[in-house]
Amino acid sequence: MKAKRITAIMLTLAMLTSLAACSGAGNESSTSGETTSAVQSSTGEKSISASESNEGSTEEKSAETSVQGNSSSSESKNLVVYFSASNTKDVDAVTGATPVQGRVGTVEHIAEIIHNQVGGDIAKIVPSKDYSLDYNTCADEAKAETDSDARPQFEPLSVNIKDYDTIYVGYPMWWYTLPMVMYTFFDTYDFSGKTIIPFNTHAGSGDGGTYQTIKEFEPGATVKDGLAISGNSAFDSSTEETVKSWLAGL
Ligand SMILES: Cc1cc2nc3c(=O)[nH]c(=O)nc-3n(C[C@H](O)[C@H](O)[C@H](O)COP(=O)(O)O)c2cc1C
């Protein structure tokens, strides 16, 4: 009887010890699980908002996938986004009056060359209010916006800026600066931790100090040396090579 009681006590002790061990292992597992997901999530935040690298590591990609909820390649972290006014409408060369949709503007042309080289996505900034098709009237409208430091609105982008690490931003020179819709663009999004690579077309002003302006707009971003191309030579056959060698030097 005494021996039976001792055996029962020993069995109970053994079960308690084993339960305690399971429970400990469970805690350890759940703690380590929590830690892992916290690390992943903070890596995800970093990879999306703070990585300046174009080469997505596996960790970065999986973190991005979990945030986006779909699979993604390192390529898709590049975005080319641009404003090119003459792309939206143009005056028919024959009649001189009929709006023609789809003429490729100089900035759009450069944007397409860049996109072909770097991959990823491409998106156009479309102002909510069209500018006049008449050059002089358009110039007046743009001047009024610049003089009043206006922030013209634009249609929702087809992409989500936060999904990209490296963003090529294109625009024409307007009145010695960026078109004011580009001011709205930079006001709208937080580029902290991202890399901005500007490019622009012009009729003699070069970049007109706009790359510096962008740096001042986005102190938390890395703003690389841009490429300024004369609108007159944008469609020259040599332009593609110019763009390629600029990209190679970045
Ligand atoms: C309203 C307006 C203002 C402009 N202001 C300037 C300027 O200050 N400096 C300059 O070099 N070019 C200026 N340009 C010329 C454009 O930058 C040039 O034509 C550019 O190639 C247009 O790009 P897009 O074809 O993509 O619209 C201006 C053009 C417009 C329509």
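Heads up: these notes are all about the structure in this document. This is a predicted model, so every value here is computed, not measured. (Residues numbered from 1 in each chain as written. Predicted model: local features only at pLDDT ≥ 70, side-chain atom pairs only at ≥ 80, totals over all residues. Heavy atoms only, no water.)

A word on the site of the ligand
1) Next: Residues in close proximity to the ligand total 20 residues, the closest being Ser84, Met173, Tyr176, Ala203 and Ser205.
2) Next: Tyr176 places a polar main-chain atom, nitrogen or oxygen, 2.6 Å from an oxygen atom of the ligand.
3) Next: Mapped onto the shell around the ligand, the elements with two or more residues apiece are α3 (85-88), α4 (106-118), α5 (135-147) and β6 (195-202).
4) Next: Looking at which element gives the most residues to the shell around the ligand, the answer is α5, with 3 residues.
5) Next: Residue classes in the shell around the ligand are distributed as 11 nonpolar, 9 polar and no charged. (Near = heavy atom within 4 Å. Polar contact = N/O pair within 3.5 Å; in protein donor to acceptor, adjacent residues only side chain to side chain. Helix = DSSP H or I, 4+ residues; strand = E, 2+ residues; numbered from the N terminus. Nonpolar A, V, L, I, M, F, W, Y, C, P; charged D, E, K, R; others polar.)

Things to note about the pattern of salt bridges
1) Next: Scanning the model with the defined rule gives 7 salt bridges in all.
2) Next: Ionic pairing is found between Asp165 and Lys77, a salt bridge with its closest N-O pair at 2.8 Å. Highlighted residues: Asp165 in the loop between α5 and β5 (166-172) and Lys77 in the loop between α2 (58-68) and β1 (78-82), separated in sequence by 88 residues.
3) Next: In this structure Asp165 comes out as buried when scored by relative accessible area, which is 2%.
4) Next: Two residues, Arg151 and Asp187, come together in a salt bridge whose shortest N-O distance is 2.6 Å. Remark: Asp187 occurs in helix α6 (residues 180-188) and Arg151 occurs in the loop between α5 and β5; sequence separation between them is 36 residues.
5) Next: For Arg151, a relative accessible area of 30% gives the class partly exposed.
6) Next: You can call Asp187 partly exposed: its relative accessible area is 49%.
7) Next: Here the salt bridges share partners, and the residues they tie into one network are Asp149, Arg151 and Asp187. (Salt bridge = Lys/Arg side-chain N within 4 Å of Asp/Glu carboxyl O. Buried < 20%, exposed > 50% of the residue type's maximum accessible area, 1.4 Å probe, protein only.)

Quick word on α5
Each turn of an α-helix holds 3.6 residues, which means side chains three or four residues apart point in the same direction.
1) Next: For α5, which comprises 13 residues, the first-to-last C-alpha distance of 18 Å matches the rise-based estimate of 18 Å (1.5 Å per residue) to within 8%.
2) Next: By the burial criterion, the buried members of α5 are Cys138, Ala139, Ala142 and Glu145. Each buried residue of α5 lies within a common arc of 125 degrees when the element is viewed along its axis, so the set occupies one face. Looking at α5, the residues exposed on the side facing more than 90 degrees away from the buried face are Asn136, Asp140 and Asp147. (Expected span 1.5 Å × (residues − 1). Arc of directions from axis to C-beta.)

A look at the packing of aromatic side chains
1) Next: By the definition in use, this model includes 13 aromatic pairs.
2) Next: On the numbers, 6.4 Å between centres and 40 degrees between planes, the contact of Phe154 with Tyr189 is tilted. Taken together, the residues Phe154 in the loop between α5 and β5 and Tyr189 in the loop between α6 and β6 connect sequence positions 35 residues apart.
3) Next: Take Phe154: its relative accessible area is 13%, and that puts it in the buried class.
4) Next: Residue classification places Tyr189 among the partly exposed residues on the basis of a relative accessible area of 22%.
5) Next: With a centroid separation of 5.6 Å and an interplanar angle of 50 degrees, the aromatic rings of Phe185 and Phe191 are classed as tilted. The two residues Phe185 and Phe191 agree in class, both being buried.
6) Next: An aromatic cluster is defined as three or more aromatic residues linked by ring pairs; in this entry it consists of Phe154, Tyr183, Phe185, Phe186, Tyr189, Phe191 and Phe217.
7) Next: The positively charged end of Lys143 is found above the aromatic ring belonging to Trp175, 5.5 Å away from the centroid. (Phe/Tyr/Trp six-rings, centres within 6.5 Å; stacked < 30°, edge-to-face > 60°. Lys NZ or Arg CZ within 6 Å of the ring centre and 35° of its normal.)

That's the geometry; what it means functionally is another story.
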